Every structure is written in C-alpha cells, then in structure tokens.
Amino acid sequence: MARSGPLEWVRRRLRALPPIARRDRQIAELKANNLRDFKQLSAARAKNAALKARARERSVKVPSFRRNVYAERRMAALMRDLNRTDRGTSVTNKLRSYSFARSWGVDVPEIHGIWDRIEDIVWDDLPDTIVIKSRMGSYARGVLPLKRVAGGWLVITGDGGILTPTDIVARYRARRDDGTAAGPYIVEEFLGDVERDLMPIDVKFYAFYGEVAQLYLRSVAAHLEPNDGTYRVLDRDGQDLGPIYIADHHDETIPIPKNLPDLVRVAELLSAAVPRAFIRIDLYEVDGRVVFGELTPRPGGRLTFPAEADARLGRFWEDAQVRLLNDAIDGVGYALRFGPEPRELLVGGKPYLPPLPT
C-alpha cells in the first residue's frame, strides 16, 4: 500500500534535494556493484573448485617424481620415529658406498686416512691438498676441501683465512654436537683444480633401477656456497633439456664431459645393483677417469621441475618400481648388491674393508 499524507510528501521533497538525490544514486550504484562483484566471485569460486578437482584427478592419474620423493622423505621420517632401520642409509654411508663402487670396478677418490675421531688426524702426514669428509653430513657441513699454506690450511675456493688444525677440529666438533656430522672422518684426494682454485664439476645422474633418465652438471664457484651453484640438465645422450631445474641458475656454458657415455654406463651399472626404484648417483670426470662420488636415495632441496618434466621422471620411477617388485617376487631380494670385484679400499696404501650393511 503506497504511503500518503504530509510525512510522505516531506520525504519526497527531501529526496529531491540535490545532495540527498546524489546520495541515493550512489547507494543504488554500490548495490549494483556489490551484486555484480558477488556474481563474479561466485563464478570464480566455481571455476577454482573445478580447477582443484581437475588437479586432484590429474595428481592421481599422472606420475610425479616430486610426489614420490616427498613420500620417500615422509616414510624415512616415520622409520626414524619407529626406531627402525632406514634402508636408505645402506647406500649413504660414504665408506660403504665407496666399497660398493669398488666392487663394480669403479674408481673412488684416493683415501689418505680414516679416523674415528676428528681429534686423531695426523696432520703432518697428509699431502698438501686434501678433502675431509665425515661419515654423515651434507655438502656444506661434512665436507671441507683444504690446501696447506704457511701457518695452517686454507679452504680451497674460500676466503675465510688460515685455519689451524685446532680450528678445523673445533668446526667438526660443533657439527658433531648439533648432529650434522659424525665420524669416522675420511681424508681423501681433492678432485678439482687446485692450481686454478676450482672445485670439480659434479655429474649427478637421476637413475631408475638400471636406467638413466637425465643428469645435471653442477658447477660451484666457492665451497660452502652451494646455493650459488649453476646447473645444466642433459638427457642420457647429452642433449640439453633446457632450464628445467632451478631455472634461475641455468648455465649452458658448463662443459659436457667428453667421456659422458662412460659416465652413463657406470651410473646405470651401479643403479641396477641398488634395490631402489630411484637413486641419484654422483660421479666425477677427472682427466678421463670416472670417479665415484656418492649415492643419494632422497635428494633434498628444491624440486622445481615443470609439470611435463616431473611427469616424465615419475613414469621412469613407476616403471622402475614395477621391475624392482618383480625381481623381489622372483627372489632377488632388497639387499645392496655388491659386484664381483674386491670390496677392499686402499687407505694409506693398506687394505681396509668397511662393515657390511645391517
């Protein structure tokens, strides 16, 4: 029922006043804008829900290297929580992995000495260029490349000043106390170019139970600055795959080793003897030699592969997992498979046999 009478007449007159009429128009516009924004927001939410649903469906249907690595990390943490042996450690122990490589006829760095305690290293008996490695510890924590100078040692490619043996021992004690390094401590040859103060180029293979899917070359200008490294990703035939790994650090000028086929052959030989669907195998090329570095079952850090590259590696992983399970069913087992050559290492010219995996 329409309003009438003096009060309604006053309201109409007031609304006709320019300031109030302008206010009413603005209110009407705001209501219209709110309605439009609400419709747009509802449409965006519906589109986002559809995209999430498709992503969830794709994540189930499309293989993923990244997803598998993250699952491996979670399972390793669960094993530690349950106080169970993480089988990944059977390949990460440096001396054991050196023995494994030697059993397949692969060179390892020359070992000058092994000490259970960092305090027991006999510094005067060592050559003038060395690398110290702890049994456990990442690149930046457990490894120290050194060259002898008057008054002590310098970190190769570093600028931290002269270190005395006491300084080096204190550094490793601190890492031991915070759980980032542990003995025994290995002193071995430096594989880089000490004359030009250059670290060696890492050749890191993504290997899937006997098949190399890709590799990357890693160049680091200075020790203890791993995040400043540059990378070049190749397929097993040496074809450049472009900036698919840490794209902002991609570097196509890193030279491809001349003996890349030999490096690939060694990586596939070793990975076929590691009972895991995936293993990263680090090798070096030193004056034509293939030199073993380490085995890494669960790479850390950033896994920034584009979707297509991630799915490609995921397919390699799943194919390898099927082959591995079939071998296990056939009785091959999950133990690390040593080769036919002697497992002994030469330490200071004397045979040394690391303990077998437990």
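Placed above this text is the structure.
Per chain, residues are indexed from 1 in the order of the written sequence. Local features in this predicted model are restricted to residues whose pLDDT is 70 or higher, and side-chain atom pairs enter the listing and the counts only when it is 80 or higher, whereas totals over whole chains, interfaces and linings include all residues. In computing side-chain properties, one takes all heavy atoms of the structure into account and sets aside hydrogens as well as water.

### What to know about unusual backbone geometry
Part 1 of the reasoning: Going from Gly 183 to Pro 184, the amide bond is cis rather than trans, its omega being 5°.
Part 2 of the reasoning: Relative to the helices and strands, Pro 184 resides in strand S5 (residues 182-188).
Part 3 of the reasoning: For Ile 246, which is not a glycine, the phi torsion comes out positive at approximately 45°.
Part 4 of the reasoning: Per the convention used, a helix needs a DSSP run of H or I reaching at least four residues, while a strand needs a run of E reaching at least two, with both numbered from the N terminus. Assignment of secondary structure puts Ile 246 in the loop between strand S8 (230-234) and helix H8 (260-272).
Part 5 of the reasoning: Exposure is judged per residue with a 1.4 Å probe applied to protein chains only, and the accessible area is read against the type maximum: over 50% gives exposed, under 20% gives buried, and values in between give partly exposed. Taking the relative accessible area as the measure of exposure, Ile 246 reaches 7% and is therefore buried.
Part 6 of the reasoning: At Asp 287, a residue that is not glycine, the phi angle is positive and equals roughly 50°.
Part 7 of the reasoning: Within the secondary structure, Asp 287 is located in the loop between strand S9 (279-286) and strand S10 (289-296).
Part 8 of the reasoning: Owing to a relative accessible area of 78%, Asp 287 belongs among the exposed residues under this scheme.

### Digging into the sheet that holds strand S7 (residues 211-219)
Part 1 of the reasoning: Here we have 5 strands laid out as an open sheet, ordered S8-S7-S6-S9-S10, and antiparallel in their pairing. Every interior strand has two partners, whereas the edge strands, S8 and S10, have only one. Strand-to-strand, the axes of this sheet are offset by a mean angle of 25°, without reference to chain direction.
Part 2 of the reasoning: Packing of H8 onto the sheet brings it into contact with strand S6 (202-208), S7, S8, S9 and S10, and relative to S9 it is tilted by some 145°. Pairing between strands is defined by DSSP: at least two bridges between them are needed. To obtain an axis, a line is fitted to C-alpha atoms, over the contacting stretch when the element is a helix, and the angle between two such axes runs from 0 to 180 degrees between their N-to-C directions. By definition, residues are in contact when any of their heavy atoms lie within 4.5 Å.

### What to know about the pairing of strand S4 (residues 152-155)
Part 1 of the reasoning: Of the strand pairs in this sheet, strand S3 (residues 143-149) and S4 are connected by 4 bridges, and their pairing is antiparallel. In the sheet register, Lys 147 faces S4, and the bridge partner there is Leu 154.

### Regarding the nonpolar core
Part 1 of the reasoning: Here, the term nonpolar core denotes a set of buried Ala, Val, Leu, Ile, Met, Phe, Trp, Tyr and Cys residues that are joined through side-chain atoms within 4.5 Å. Core analysis: the largest hydrophobic core is formed by 35 residues, its most contacted members being Ile 111, Phe 205, Ile 281, Leu 283, Phe 292 and Leu 295.
Part 2 of the reasoning: Elements with a contribution of two residues or more to this core: helix H5 (94-103), strand S1 (111-115), S6, S7, H8, S9, S10 and strand S11 (345-347).
Part 3 of the reasoning: No other element matches the 6 residues that H8 contributes to this core.
Part 4 of the reasoning: Ignoring anything within four residues of it in the chain, the contact list for Leu 295 reads Val 91, Thr 92, Ser 97, Phe 100, Val 274, Ile 279, Arg 280 and Ile 281.
Part 5 of the reasoning: The next biggest cluster of nonpolar side chains, apart from the first, holds 21 residues, and it includes Val 69, Leu 303, Ala 309 and Trp 317.

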